[in-house]
Amino acid sequence: QTVSVRQVLSGDVAAGTKVTVQGWVRTRRDSKAGFSFIHLNDGSCFANLQLVASKDLPNYEEGILKLTSGASLSCIGEVVESKGRGQSLEIQAESIEVLGLVEDPDTYPIQPKQHSFEFLRTVAHLRPRTNTFGAVTRVRHAAARAVHEFFDQHGYYWVNTPIITASDAEGAGEMFRVSTLDLANLPRNDKGEIDFHQDFFGRETFLTVSGQLNVEAFCLAMSKVYTFGPTFRAENSNTTRHLAEFWMVEPEVAFADLEDLAALAENFLKFVFARVLERCGEDMAFFAERIEPEAINRLEALVNSDFVQMDYAEAVRILQASGKKFEYAPEWGVDLQTEHERFLTEQHCKAPVVVKNYPTEIKAFYMRLNDGGETVAAMDVLAPGIGEIIGGSQREERLDVLSRRMSEHGLDPSTYQWFLDLRRYGTVPHAGFGLGFERLLNYITGLGNIRDVIPYPRTPGSAPF
Ligand code: ATP
Ligand code: MG
Ligand code: MG
Ligand code: MG
């Protein structure tokens, strides 16, 4: 019977059972009494399983004594109650097959000690072997599963929106071009411009910055949908909160307004927090011990309290009245900076804050104009320690208003005819948001850098794997 480390340590396998366990060595210690104690990890849980190997095993000298941190093995043995302190169950090894030794143990990058995050980013292919990245990987999985679970329970369909697209949903000009053209020999038209008609799709295309526009089409037929996939932004800023490739969760709901959306965002976040706390207790305890002492308490408190809601105008008034010296003076009409967002959540409200009704000028073309036109029905959810984790809005569902806004933004009408069709044929009020999945994970784990909650970070000047 092959079992995982988690199955043994959680007591799923009765003492006395003969099992096979497989994994990677974290440490080996040899006692004078003729035993070796091997701590084995297979990724199934945070804790290591202790294997006890006697010197009487036939390959003790030339096999077991060569096992070092990172080596792989397969062990057959009996589950026994441990005599050692702090261990519940262990394996009395009957045989240990060495599968792969470590070529040069002295230069193996993942030594059994605490490495800096900077260093680990340079060995992204090996960092899953550390306690921290094992825990991140399990928490990321649990959070992703909770995302699907929440929407499934509430009657949403998961829609996979395209990665390659012609439209810039955010209008921020941060798109990566997708092209098969020969850079050294670009085709030109009469005016000397690059002729994208000769490109693969017969036009200019890009990697998607958001699945929103595409998922809106499904919303206006299926009522409640969400997309959850990779998105790409050529952010030229090198911050701890931006990646060039990140994952977004984007629900879109028909017959809904901004108030409905704010309630959805709050319920959704609380659900995900509660699930992660429930399913990743050991990993969260590790983050609390190693990264942020308040991690667990904070999430628990959040699950049981209300988010603070305020209008953008009120947020600006609070910031101006705070007497605090900000690098950028808060002013109506200017987007909130991270320092402002952190003041609101960490010092003023001491809770996540939902800011609503932003100035029209600073938001995207598709957001619904409020009466008077000065503001749009947009909302951002701001989290303590992070700033913006969700950006959302009620969408402009009126054909005439949307057409006008698009031409004000200088968008090419031919690219967005299909989007206007949605307003032409049976339009309804609808709303949706985008959650940065990695920002959520930073918030949950307390890890301070977005590069450390995604398996392979892509940032300006760096995509080595
Ligand atoms: P920011 O102001 O932080 O740059 P944004 O307003 O440009 O974010 P939106 O277009 O509103 O971002 O995208 C929705 C969500 O996607 C954001 O709230 C954030 O959580 C996440 N997000 C945006 N850009 C990035 C990025 N480069 N890396 C990781 N997550 C991101
Ligand atoms: Mg941005
Ligand atoms: Mg923003
Ligand atoms: Mg935003």
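Quick summary incoming for the structure in this document. Keep in mind that this is a model prediction, so the values were computed, not measured. (Residues numbered from 1 in each chain as written. Chains lettered and ligands numbered in written order. Predicted model: local features only at pLDDT ≥ 70, side-chain atom pairs only at ≥ 80, totals over all residues. Heavy atoms only, no water.)

Okay, the layout of surface pockets next. In this structure, the largest pocket encloses a volume near 1,100 Å³. If you go around the largest pocket, you meet 49 residues; those closest to its centre are Glu170, Arg233, Asp335, Lys363 and Glu388. Elements that contribute at least two residues to the lining of the largest pocket include exactly strand 11 (245-254), helix 9 (338-348), strand 15 (387-394), strand 16 (430-436) and helix 12 (437-445). The residue makeup of the lining of the largest pocket, split by class, is 19 nonpolar, 14 polar and 16 charged. Taken together, 37 residues make up the lining of the second largest pocket; nearest its centre are Arg26, Asn48, Arg129, Thr130 and Asn131. Mapped by element, the contributors of at least two residues to the lining of the second largest pocket are strand 1 (18-30), strand 2 (35-41), helix 2 (117-121) and helix 3 (131-153). Across the lining of the second largest pocket, the residue classes tally to 13 nonpolar, 18 polar and six charged. (1 Å grid on protein atoms, 1.4 Å probe; cavity = no way out; pocket = protein on both sides within 12 Å on 5 of 7 lines; lining within 4 Å. Points joined across faces, edges and corners; volume = space filled by probe spheres on them. Helix = DSSP H or I, 4+ residues; strand = E, 2+ residues; numbered from the N terminus. Nonpolar A, V, L, I, M, F, W, Y, C, P; charged D, E, K, R; others polar.)

A word on the site of ligand 1. With respect to spatial proximity, 16 residues lie near ligand 1, and among them Glu235, His242, Glu388, Ile389 and Arg439 are the closest. A distance of 2.8 Å separates a nitrogen atom of ligand 1 from a polar atom in the side chain of Glu235. Between ligand 1 and Arg241 there is a distance of 3.3 Å, counted from an oxygen atom to a side-chain nitrogen or oxygen. Relative to its free-state accessible area of 590 Å², ligand 1 is covered by the protein chains to the extent of 84%. Using a 2 Å cut-off from the grid points, one finds that ligand 1 occupies the largest pocket. It is strand 15 that contributes the most residues to the shell around ligand 1, four residues altogether. Split by residue class, the shell around ligand 1 holds six nonpolar, four polar and six charged. (Near = heavy atom within 4 Å. Polar contact = N/O pair within 3.5 Å; in protein donor to acceptor, adjacent residues only side chain to side chain. Areas by Shrake-Rupley, 256 points an atom, 1.4 Å probe, with all protein chains shown as cover. Sits in = over half its atoms within 2 Å of the grid points.)

Next up on the list: helix 9. Along helix 9, the positions that sit buried rather than exposed are His340, Glu341, Phe343, Leu344 and Thr345. Buried residues along helix 9 sit against strand 12 (308-311), helix 8 (312-321), strand 13 (353-359), strand 14 (375-383) and strand 15. Downstream of helix 9 by a residue or two, Lys350 has a phi angle that is positive, lying close to 50 degrees. (Buried < 20%, exposed > 50% of the residue type's maximum accessible area, 1.4 Å probe, protein only. Contact = heavy atoms within 4.5 Å.)

Our focus in this paragraph is the side chain of Arg26. Following the sequence through the fold, Arg26 ends up in strand 1. An unpaired buried charge is present at Arg26: no salt bridge exists, and Asp42, the closest side chain of opposite charge, is 8.7 Å distant. Among all residues touching Arg26, those that are not within four sequence positions of it are His39, Asn41, Asn48, Ser69, Pro112, Arg129, Thr130 and Asn131. (Lys, Arg positive; Asp, Glu negative; His and termini not counted. Salt bridge = Lys/Arg side-chain N within 4 Å of Asp/Glu carboxyl O.)

Once that is clear, we can look at the packing of aromatic side chains. According to the stated counting rule, one finds 21 aromatic pairs in the structure shown. Centre to centre, the rings of Phe228 and Phe437 are 5.0 Å apart; their planes meet at 70 degrees, and the pair counts as edge-to-face. Separated by 209 residues along the polypeptide, Phe228 in strand 10 (residues 224-232) and Phe437 in helix 12 bring together distant segments of the chain. Each member of the pair, Phe228 as well as Phe437, carries the same accessibility label: buried. For the pair Phe365 and Tyr366, a centre-to-centre distance of 5.5 Å together with 80 degrees between the ring planes defines the contact as edge-to-face. (Phe/Tyr/Trp six-rings, centres within 6.5 Å; stacked < 30°, edge-to-face > 60°.)

What follows is about unusual backbone geometry. In this structure, Lys350 takes a positive phi of about 50 degrees despite not being glycine. Assignment of secondary structure puts Lys350 in the loop between helix 9 and strand 13. Residue classification places Lys350 among the exposed positions, given a relative accessible area of 63%. Positive phi, normally seen in glycine, also occurs at Asn357, with a value near 60 degrees. Relative to the helices and strands, Asn357 is located in strand 13.

Quick look at the packing of helix 4 (residues 212-222) against helix 11 (residues 413-424) now. Between two packed helices, both the angle of their axes relative to each other and the distance between the axes serve to describe the pair. Two numbers describe how helix 4 lies on helix 11: the axes approach to 10 Å, and their chain directions differ by 30 degrees. When the axes of helix 4 and helix 11 are compared, the pair comes out roughly parallel. For the pair helix 4 and helix 11, the crossing hand works out as left-handed. Packed against helix 4, whose contacting residues are Leu213, Asn214, Glu216, Ala217 and Leu220, the element helix 11 presents Tyr416, Trp418, Phe419, Leu422 and Arg423 at the interface. A per-class count over the contact of helix 4 with helix 11 returns seven nonpolar, one polar and two charged. (Axes fitted to C-alpha atoms, helices over the stretch in contact; angles between N-to-C directions. Parallel < 35°, antiparallel > 145°, perpendicular 65-115°, else oblique. Left-handed = near helix turned anticlockwise from the far one by under 90°.)

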